[in-house]
Amino acid sequence: MDSVRKRFRELHAAGTFVMPNAWDVGSARVLRQAGFAALATTSSGLAASLGKLDQQVTRDELVAHVHAVASAVDVPLSVDSEWLFADTAEGIAETVGLLAAAGAAGLSIEDYNPVTESVQSPAVSAERVGAAAEAARRHDLVLTARAENLLYGHTDLDDTIARLIAYRDAGADVLFAPGLTSPDDIARVVAAIRAPVNVLALRGTPSVPELSALGVRRVSTGGSLAWAAYGALRDAARELLDSGTTTYRERGLTSAEVESTFTP
């Protein structure tokens, strides 16, 4: 486990890498087989796999999920751990410990509180990041701090940047503002933060080579791969129901791919 966590930290030292988000053990195996050096979980994708909406997964469900995925792949796994399911520093530390024991190499903390349905103040959020950073250091986990402004309609980039700087100063290793798509905005964030920045690949986001040129260290996919897979399932189901044909089979994994991906 120590070597896996060391590898994950080293990936953030230079260059740009893509860290796609898996939503179950099978998707993690497929992504690992594709050749990615690290994977992440996705809160929305995990929720969908359980028949739930995002932010409805329990901490116990997340911990069990992390253990299953981390046990199934040999690359570092970073956990989309939402707000770490806690109001207090003690609760944050407990969640970090549980995720570390489950096999995580990294994890994230958001400044959006789903209980109050609001983005918390910078001061409160920075204090929470500090508590998470202290706990993460005890387990050698890479901590990502997320500023959720853009996802909830707060478009003041100066405020987002100020938050990210505060979270960096509180001890976060990686900074992340999901929702950034403009090259100019991304460049501003990278220049201001002066620490590893993660960008979420969205429709309209620059390509990975373009993000690399802007100085982005890490690119993640969030729930988009899960939605693509569920969309393919929807389309296949419609074809089968409406026309009774099965051309969708042509786009599926081959027998050889199934064998190489899922053989223990």
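In what follows, the accompanying structure is described. Sequence order as written defines residue numbering, which begins from 1 separately in each chain. Per-residue local features of the predicted model are confined to residues with pLDDT of at least 70, and side-chain atom pairs are confined, for both listing and counting, to 80 or more; whole-chain, interface and lining totals are unaffected and use all residues. Side-chain measures were taken over the full set of non-hydrogen atoms in the model, leaving aside hydrogen atoms and water.

Moving on, we get to the overall build of the chain. Numbered from the N terminus, helices here are DSSP runs of H or I no shorter than four residues, and strands are runs of E no shorter than two. Summing up its helical and strand segments, the chain has eleven helices and eleven strands in all. Compactness check: the chain gives a C-alpha radius of gyration of 19 Å against a globular reference of 18 Å for 264 residues, within 12% of the reference. With respect to the principal axes defined by its C-alpha atoms, the chain has extents near 60 × 40 × 35 Å. Expressed as a percentage of its 264 residues, the buried residues of the chain come to 45%. For the chain, the computed accessible surface area is about 12,400 Å², with 54% contributed by carbon and sulfur atoms. Counted as positive: Lys and Arg. Counted as negative: Asp and Glu, with His and the chain ends omitted from the count. The atoms used to mark charge sites are NZ of Lys, CZ of Arg, CG of Asp and CD of Glu. Mean positive and mean negative side-chain charge positions of the chain (23 and 33 charges, respectively) differ by 4 Å. Two things to know: the radius of gyration comes from C-alpha atoms, and the globule rule equals 2.2 Å times the number of residues to the power 0.38. To sort residues, take the accessible area from a 1.4 Å probe on protein chains only and compare it with the maximum for the residue type: under 20% means buried, over 50% means exposed, and anything in between is partly exposed. Throughout, the Shrake-Rupley method with a 1.4 Å probe supplies accessible areas, and for residues the shown protein chains are the sole cover considered.

What follows concerns the pattern of salt bridges. Salt bridges are defined as contacts in which a side-chain nitrogen from Lys or Arg sits within 4 Å of a carboxyl oxygen from Asp or Glu. Inspection of every chain in the model, using the stated rule, returns 13 salt bridges. Between arginine 9 and aspartate 173 there is a salt bridge whose closest N-O contact spans 3.5 Å. Of this pair, arginine 9 sits in helix α1 (residues 2–11) while aspartate 173 sits in the loop between α7 (157–169) and β9 (174–176), and the two are 164 residues apart along the sequence. Look at aspartate 173 and you get partly exposed, because its relative accessible area is 26%. A salt bridge links arginine 168 to aspartate 169; the shortest N-O distance between them is 3.0 Å. Linked through salt bridges whose partners overlap, the residues forming this network are Arg9, Asp140 and Asp173.

All right, on to helix α4 (residues 59–72) then. With 14 residues, α4 should reach 20 Å at 1.5 Å per residue; the first-to-last C-alpha distance of 20 Å fits that figure. Restricting attention to buried positions, one finds in α4 the residues Leu62, Val63, His65, Val66, Val69, Ala70 and Ala72. We call two residues in contact whenever any of their non-hydrogen atoms come within 4.5 Å of each other. Buried residues along α4 sit against β2 (21–22), α2 (25–34), β3 (39–41), α3 (43–49), β4 (77–79) and α5 (89–102). Helix span is expected to be 1.5 Å times the residue number reduced by one.

Before going further, it helps to spend a moment on a nonpolar patch on the surface. Like charges are joined within 9 Å and nonpolar side chains (Val, Leu, Ile, Met, Phe, Trp, Tyr) within 5 Å, but only among residues with over 30% relative accessible area and no salt bridge; these make up the patches. A contiguous nonpolar surface patch, about 290 Å² in accessible area, is contributed by Val30, Leu253, Val258 and Phe262. Topologically, valine 30 is positioned in helix α2.

Mapping asparagine 198 onto the fold places it in strand β10 (residues 197–200). What qualifies as a polar contact is a pair of N or O atoms within 3.5 Å, subject to a donor-acceptor requirement within protein and to the restriction that residues adjacent in sequence count only when both atoms come from side chains. A polar side-chain atom of asparagine 198 sits 3.0 Å from a polar atom in the side chain of serine 220. Each residue touching asparagine 198, except ones within four places of it in the same chain, is listed here: Met19, Val174, Leu175, Phe176, Ala177, Arg218, Val219 and Ser220.

Here a strand pair is declared whenever DSSP counts at least two bridges between the two strands. On the basis of which strands lie adjacent, the open sheet formed by nine strands has the order β1-β11-β10-β9-β8-β5-β4-β3-β2 and parallel pairing. For this open sheet the edge positions go to β1 (17–19) and β2, each flanked by a neighbour on one side alone. In the sheet, β1 pairs with strand β11 (residues 218–220) via three bridges, with the strands oriented parallel. From the neighbouring strand, methionine 19 faces β11, where its bridge partner is serine 220. Sheet strands in contact with α4 are β2, β3 and β4, and its direction is about 170 degrees off that of β4. The angle between two axes is taken between their N-to-C directions and runs from 0 to 180 degrees, where each axis is a line fitted to C-alpha atoms and a helix contributes only its stretch in contact.

This brings us to the nonpolar core. Membership of the largest hydrophobic core comes to 54 residues, with the highest contact counts inside it found for Leu99 and Leu143. When residues of this core are assigned to their parent elements, the largest contribution, seven residues, is made by helix α6 (residues 122–138). Setting aside residues up to four positions removed in sequence, leucine 143 forms contacts with Leu107, Ile109, Val129, Ala132, Ala133, Ala136, Ala172, Asp173 and Val174. Nonpolar cores were defined as sets of buried Ala, Val, Leu, Ile, Met, Phe, Trp, Tyr and Cys residues, with membership established by side-chain atoms within 4.5 Å. Counting nine residues, the second largest nonpolar core, distinct from the first, contains Val4, Ala38, Val142 and Val174.

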